[in-house]
Amino acid sequence: MAAPAPRPIDPRGPRFGAAITAVLLAVAIILGPVTGLWLLVVQTAAFAAGAVLGLKYQPWGWLYSRFVRPRLGRPADLEDPRPPRFAQAVGLGFAVLGLVGALAGVAWLFYLAVGFALAAALLNAVFDFCLGCELYLLGQRLGARAAA
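Everything in this summary refers to the structure shown in the same document. Fair warning: this is a prediction, and the values are worked out from it, not measured in the lab.

1. Some points on the environment of Pro8
Line of reasoning, step 1. Relative to the helices and strands, Pro8 is located in the segment before helix 1 (12-35).
Line of reasoning, step 2. For Pro8, a relative accessible area of 44% gives the class partly exposed.
Line of reasoning, step 3. Here Pro8 is in contact with Leu78, Glu79 and Pro81, once residues within four sequence places are set aside.

2. A short note on the environment of Ala18
Line of reasoning, step 1. You can see Ala18 is positioned in helix 1.
Line of reasoning, step 2. Taking the relative accessible area as the measure of exposure, Ala18 reaches 8% and is therefore buried.
Line of reasoning, step 3. A C-alpha to C-alpha distance of 27 Å links Ala18 and Leu142, two positions 124 residues apart in sequence.
Line of reasoning, step 4. Dropping the residues within four chain positions of it, Ala18 is found in contact with Ala121, Asn124 and Ala125.

3. Quick word on the packing of aromatic side chains
Line of reasoning, step 1. For the structure shown, the criterion picks out 5 aromatic pairs.
Line of reasoning, step 2. Here the aromatic rings of Phe16 and Tyr64 are separated by 5.7 Å at their centres, their planes lie at 45°, and the arrangement is tilted. Of this pair, Phe16 sits in helix 1 while Tyr64 sits in helix 3 (residues 59-68), and the two are 48 residues apart along the sequence.
Line of reasoning, step 3. The exposure class of Phe16 is partly exposed, given its relative accessible area of 26%.
Line of reasoning, step 4. Considering the side-chain rings of Phe110 and Tyr111, the 5.1 Å spacing of their centres and the 80° angle between planes classify their relative orientation as edge-to-face.
Line of reasoning, step 5. According to the relative accessible area criterion, Tyr111 is partly exposed, its value standing at 35%.

4. Details of a nonpolar patch on the surface
Line of reasoning, step 1. A surface patch of nonpolar side chains, amounting to about 810 Å² of accessible area, comprises Phe86, Leu122, Val126, Phe127, Phe129, Leu131, Leu135, Leu138 and Leu142.
Line of reasoning, step 2. Counting only elements with at least two residues in the nonpolar patch, the list comes to helix 5 (107-127) and helix 6 (131-147).
Line of reasoning, step 3. In terms of residue count, the dominant contributor to the nonpolar patch is helix 6 (4 residues).
Line of reasoning, step 4. Mapping Val126 onto the fold places it in helix 5.

About the thresholds
- Sequence order as written defines residue numbering, which begins from 1 separately in each chain.
- Restriction of local features to residues with pLDDT of at least 70 applies here, the model being predicted, together with a cutoff of 80 or more for giving and counting side-chain atom pairs; totals for whole chains, interfaces and linings are based on all residues.
- Heavy atoms from the whole structure form the basis of all side-chain values; hydrogens and water molecules are not counted.
- The secondary structure listing takes helices from DSSP runs of H or I that are at least 4 residues long and strands from runs of E that are at least 2 residues long, numbered from the N terminus.
- Summary of the burial criterion: residues with accessible area below 20% of their type's maximum are buried, those above 50% are exposed, and those between are partly exposed, where the area comes from a 1.4 Å probe applied to protein chains only.
- Two residues qualify as a contact provided that any one of their heavy atoms is within 4.5 Å of a heavy atom in the partner residue.
- For this analysis, a ring pair means two rings from Phe, Tyr or Trp (six-membered ring only for Trp) whose centres lie within 6.5 Å, classed as stacked if their planes differ by under 30 degrees, edge-to-face if by over 60, and tilted for the remaining angles.
- Patch construction takes residues with relative accessible area above 30% that form no salt bridge. Like charges are linked within 9 Å, and nonpolar side chains (Val, Leu, Ile, Met, Phe, Trp, Tyr) are linked within 5 Å.
- Only the protein chains shown count as cover for residues, and all accessible areas are computed by the Shrake-Rupley method using a 1.4 Å probe.
- When a carboxyl oxygen of Asp or Glu is within 4 Å of a side-chain nitrogen of Lys or Arg, the pair counts as a salt bridge.

Put into structure tokens, the structure is as follows:
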């Protein structure tokens, strides 16, 4: 028996979160693996909260729902939270790789992993294109095709 669909979310929340994520990751890259490490730790914790606990526990989503959403009109539509939550897990994977690179003194791994996470965050924040969400949906389609 399939689990019930989760409560839909305002799609503007993940986009707001992606903007904060992009700023933090860009500054981390500018500061480098030593000085920028603390920003990457903050963003890694944010990704972990969103991926493991759910989007309502992701700090940037909380900021959106508490301070931004009340000042906006109703969203035109709502979206399934599962693709953005998967995107948080993908971001978490890249952030952890960046942490490993920074802590192991492998600067190229830090820059590569954080750069990929930054590119995905910018795609979402600027163009409203969630790369992790698209990967989730592709996985769903491939899984459905394999089951059929």
